[in-house]
Amino acid sequence: MANVFRCESSVTNSKPQIRFSRWVVATWIVCGIISFVFGCGVRILSSTGYKSSLSVQPGRLQNMHQVPLEELKVLHLTHTSTNYTSLSQSWSAFDASDDASDRDDDDESAAGIGNQLLIDMKNIKSNFLNSEKRLKKGMIALLTEIDFKPMSYYCHSLSHTGFSCHGHFRDALMNLYTFPFDGVISLDLFIRDENDLISFLEKVKGGFAIPEEKDQQSDEDYPPPQMTWTHKLRNFRLEFAAEDDHEGGKSAVEGELTQDILSQPGFEMKKQLAFVETKFQNVHFYEAINTRFRSVASYERSLSQNGSYESLHPDFFRPDKIVYLDGDSQSSLYGEAVYHEALVHAAMLTHPYPKRVAIIGGGEGATLREVLKHKTVEEVTMVDIDGEFVQLCRKYLPEWSDCSDLVGSTSRSCFDDDRASVYFEDAFQWFIDRFAEVKRYDVSEDEDPFDVIIMDACDPTNEFVTKLYVDSTFVQSLYNGLSKSGVFVAQIGRSSSHTGGIDETKMFKSMLREVGFRSMHIYDEGRSGFYEPWSHLVALKSTASRKLWYRNSAQTEIELQKRIVTTHSGKQALLYFDASIMMSYQLPDKVYENVYCRLPGRHECMAAWVMIKNHTMDVENIDNGEVFNPLYERNMLHSEPKDILLQNLVVVSL
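Residues numbered from 1 in each chain as written. Predicted model: local features only at pLDDT ≥ 70, side-chain atom pairs only at ≥ 80, totals over all residues. Heavy atoms only, no water.

Asks: How would you summarise the overall build of the protein chain if you had to cite specific residues and measurements?
Replies: Within the protein chain, the secondary structure is distributed over 25 helices and 19 strands. A buried classification covers 45% of the 654 residues belonging to the protein chain. A fraction of 68% describes how many contacts in the protein chain between residues 6 or more apart in sequence connect residues 24 or more apart. Looking at the protein chain as shown, the accessible area adds up to about 34,900 Å², and 53% of this sits on carbon and sulfur atoms. (Helix = DSSP H or I, 4+ residues; strand = E, 2+ residues; numbered from the N terminus. Buried < 20%, exposed > 50% of the residue type's maximum accessible area, 1.4 Å probe, protein only. Contact = heavy atoms within 4.5 Å. Areas by Shrake-Rupley, 256 points an atom, 1.4 Å probe, with all protein chains shown as cover.)

Asks: Explain a nonpolar patch on the surface to me, and be specific about the residues and the numbers.
Replies: Judged by side-chain polarity, V25, I29, I33, F36 and V37 come together as a nonpolar surface patch covering roughly 520 Å² of accessible area. You can see V37 is positioned in helix 1 (residues 2–54). (Patch = residues over 30% accessible without salt bridge, like charges linked within 9 Å, V, L, I, M, F, W, Y side chains within 5 Å. Salt bridge = Lys/Arg side-chain N within 4 Å of Asp/Glu carboxyl O.)

Asks: Describe the state of the cysteines, listing the residues and the values that go with them.
Replies: By the definition in use, this model includes two disulfides. Disulfide partner of C155: C165, at an S-S distance of 2.1 Å. A torsion of 115° about the S-S bond marks the disulfide between C155 and C165 as right-handed. With a gap of 10 residues between them, C155 in strand 4 (residues 150–157) and C165 in strand 5 (residues 163–169) connect regions that are remote in the sequence. Neither C155 nor C165 differs from the other in exposure class; each is buried. Disulfide pairing places C403 opposite C414 at an S-S distance of 1.8 Å. Across the S-S bond linking C403 and C414, the dihedral sits near 100°, which makes this disulfide right-handed. Taken together, the residues C403 in the loop between helix 13 (387–396) and strand 15 (420–423) and C414 in the loop between helix 13 and strand 15 connect sequence positions 11 residues apart. The burial state of C403 is the same as that of C414; both residues are buried. (Disulfide = S-S within 2.5 Å.)

Asks: I'd like a description of the environment of F389, backed by residues and values.
Replies: Its location among the elements puts F389 in helix 13. In sequence terms F389 and V276 are 113 residues apart; their C-alpha atoms lie 8.7 Å from each other.

Asks: Can you lay out the packing of aromatic side chains for me, pointing to particular residues and giving the numbers?
Replies: Within a pair of aromatic rings, the relevant descriptors are the distance that separates the centres and the angle that separates the planes. Under the definition given, this model contains 17 aromatic pairs. By way of ring pairs, the aromatic residues Y423, W430, F431, F435 and F450 are connected into one cluster. Here the guanidinium or amino end of R294 rests over the ring plane of Y334, the centre of that ring lying 3.6 Å away. Positioned above the aromatic ring of Y479 is the side chain of K541, whose terminal nitrogen or guanidinium carbon lies 4.3 Å from the ring centre. (Phe/Tyr/Trp six-rings, centres within 6.5 Å; stacked < 30°, edge-to-face > 60°. Lys NZ or Arg CZ within 6 Å of the ring centre and 35° of its normal.)

Asks: Residues and numbers for the sheet that holds strand 9 (residues 267–277), please.
Replies: Overall, antiparallel pairing links the four strands, which are arranged 9-10-11-12 in an open sheet. With one partner strand each, in any of the chains shown, strand 9 and strand 12 (328–332) form the two edges of the open sheet. Neighbour-to-neighbour, the strand axes of the sheet open up by a mean angle of 25°, direction not taken into account. (Pairing = 2+ DSSP bridges. Axes fitted to C-alpha atoms, helices over the stretch in contact; angles between N-to-C directions.)

Asks: So, the pairing of strand 9: which residues are in play, and what are the values?
Replies: Relative to strand 10 (residues 282–290), strand 9 runs antiparallel, the two being bridged by nine bridges. Looking at strand 10, one finds that K271 is bridged to E287. Hairpin connection of strand 9 to strand 10: four residues between the antiparallel strands.

Asks: Break down the packing of helix 14 (residues 427–435) against helix 16 (residues 472–480) for me, citing the residues and quoting the values.
Replies: One way to put it is that helix 14 packs onto helix 16 with a least axis distance of 8 Å and a crossing angle of 65°. Crossing handedness for the pair helix 14 and helix 16: left-handed. Mapping the contact onto sequence places F428, F431, I432 and F435 in helix 14 and T473, F474, S477, L478 and N480 in helix 16. Residues of the contact of helix 14 with helix 16, tallied by class, amount to six nonpolar, three polar and no charged. (Left-handed = near helix turned anticlockwise from the far one by under 90°. Nonpolar A, V, L, I, M, F, W, Y, C, P; charged D, E, K, R; others polar.)

Asks: Which residues make up the pattern of salt bridges, and what values do they have?
Replies: Throughout the structure, instances matching the rule amount to 13 salt bridges. Among the salt bridges present, the one from K125 reaches E213, with a minimum N-O distance of 2.8 Å. Here E213 lies in the loop between helix 6 (201–208) and strand 8 (226–233) and K125 lies in the loop between strand 3 (115–122) and helix 4 (126–129), a separation of 88 residues in the sequence. Looking at K125, the relative accessible area reads 13%, which means it is buried. E525 serves as the salt-bridge partner of R527, at 2.7 Å between the closest nitrogen and oxygen. Residue classification places E525 among the buried positions, given a relative accessible area of 5%. Each of the salt bridges in this network shares a partner with another, and the network as a whole consists of E336, R369, E370 and K373.

Asks: Explain the sheet that holds strand 19 (residues 534–540) residue by residue, including any values.
Replies: Here seven strands make up an open sheet; going across it, the order is 15-14-13-16-17-19-18 and the pairing mixed. What marks the edges here is a single partner per strand, and that holds for strand 15 and strand 18 (519–525). Neighbouring strand axes in the sheet, compared pairwise and without regard to direction, differ in orientation by 15° on average. Of the pairings in the sheet, the one linking strand 16 (residues 450–456) to strand 17 (residues 482–494) comprises five bridges and is parallel in character. If you follow M455 over to strand 17, its bridge partner there is A490. Each of strand 13 (356–361), strand 14 (379–383), strand 15 and strand 16 is contacted by helix 14, which is oriented at about 155° to strand 16, the strand it contacts most.

Asks: I'd like a rundown of helix 14, residues and numbers included.
Replies: In an α-helix there are 3.6 residues to a turn, and that puts residues three or four apart on one side. In terms of residue burial, helix 14 counts as a mostly covered element, since eight of its nine residues are buried. For helix 14, every residue scored as buried is listed here: A427, F428, W430, F431, I432, D433, R434 and F435. For helix 14, the N-terminal cap is D426; the gap from its side-chain oxygen to the backbone nitrogen of F428 is 3.1 Å. (Polar contact = N/O pair within 3.5 Å; in protein donor to acceptor, adjacent residues only side chain to side chain.)

Asks: Tell me about the pairing of strand 13, and please be specific about residues and values.
Replies: Most of strand 13 sits inside the fold, with six of its six residues counted as buried. Relative to strand 14, strand 13 runs parallel, the two sharing five bridges. Across the sheet, the residue bridging to R356 is E379, located in strand 14. A crossover links strand 13 with its parallel partner strand 14, the connecting element being helix 12 (residues 366–371), and its sense is right-handed. Where strand 13 lies against strand 16, five bridges are found, and the strand directions are parallel. (Right-handed = clockwise from strand over helix to strand, strands pointing away.)

Structure follows, in structure tokens:
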């Protein structure tokens, strides 16, 4: 009996526990359903309210369209808190007449233009980078000084530290980001007009390049602020310039200046030394360090006196200097010596004894410097149309015209040498007036001819200069202005390529032949700093000078030792030109032969090898009336019997 009662008692006590478990489960299910329904309802109500806040009633939208544009007010938003806890809004209306006058300037002339400046600076004071007030003040002060009307601006804090600030101005936008721990600030400035943003770089540096203060406890000196920047021309500017659709014309910073310097991020340092718009051209002077070849750290060590390799050889680590005319590169510090030595000395050595030399162009003064290295020179006449450009070069490029180390020079500047006479006139008209057959002005009849004429002017592919190069009167004056054994040399632009077409300078060379030049030669120099080989043309008035052009290496070396002056420092006067270089100039590039033989009617190219091998090539048959025949120049003149061919040749077509 006792066992029976125990069993019944255990069964009876389990029923309340089962009921309690069912109640808990039911409660959870009901609560879940209620929560789900409540959540869905709140979500629907929130979504409906958000959409209604963004929607515009049709009547209101219609009324907005009926409001005249000049009566609309501009909203200025000023975020005064980095966490967006407060927002102050102020309304201001532009005067209708002022707004209308401003809008008149926003016409078609603004289409297709725009400038953007990307700037990074380091070694900046961390407290400044973490101050919202000072960042705003600098941003507003900068753009106000550029004469842009402020519209709105705000800053907000970044994660951990630093700020992101954005300023909206009339036709301008500025963004900046700070990283106080690293001492770095990045700025992005865009304007929608032709303002020269590069000229404001110093103002940007003055407003934001705040150096870190010296630590009084550790007496540690912090490095000075450094800035790198990139300038971009926006809105397909180069395309507009190519199609001549841009009404504003070519900008002062378009062309090679933008492609080589301004838009390239690989320059650790680039600084505009000067920008001057002369009467004839836009002139830019830049100083730059390309990280592919040099570094700012090496340059700074070269300025010290710590006995390092850089300080002992500072010339190897100097920033490059580059001059641009109308956006196109003209000369650079690390390429000018190669270019001017190639232009001058090959022609000077081809004359037996040059005393009087004329230079057309050459405003930098480097061509004059190279001419004055010859002991035989008694008088140099330089004619350049842009006197202001010459003065700028004397100020910003003094190395180009430095004759202080040349023994026999009478002045530090080559322009002031007693043998030099500089005229700021139109060089083309200057020669026509003095040496053309029909003289336009009363010029002395006893004008002495020149032994060598060097034309260091713009490329003959330039549209304006092309007309002068094909002016028969000017070309005739060049011929008349030379002595009996006179030599004429000119740079003729980029060298031909294997994919190139017809020679663009053919007309100029044809005209040189027509006026009487008896022999011509083309040679290339690939180290002039133009990113591609550069071509030069030598025209000889007498066939006797051909033997001087084709001196062997030993003869050329002896002639250089006789003619070239020594230096006070004991260094070589010629840095890149020597006898072996002259030998290389005697042989035209293979490209000229390939381009020549691609033209129709070049039958001599088919059997050239057989004729060359058997010495049966006929000079008269290969000429074909051409001005420049590289096939003959490359093969026949470097095969036997060479002396016989030189004696019989009258005109060699290069």
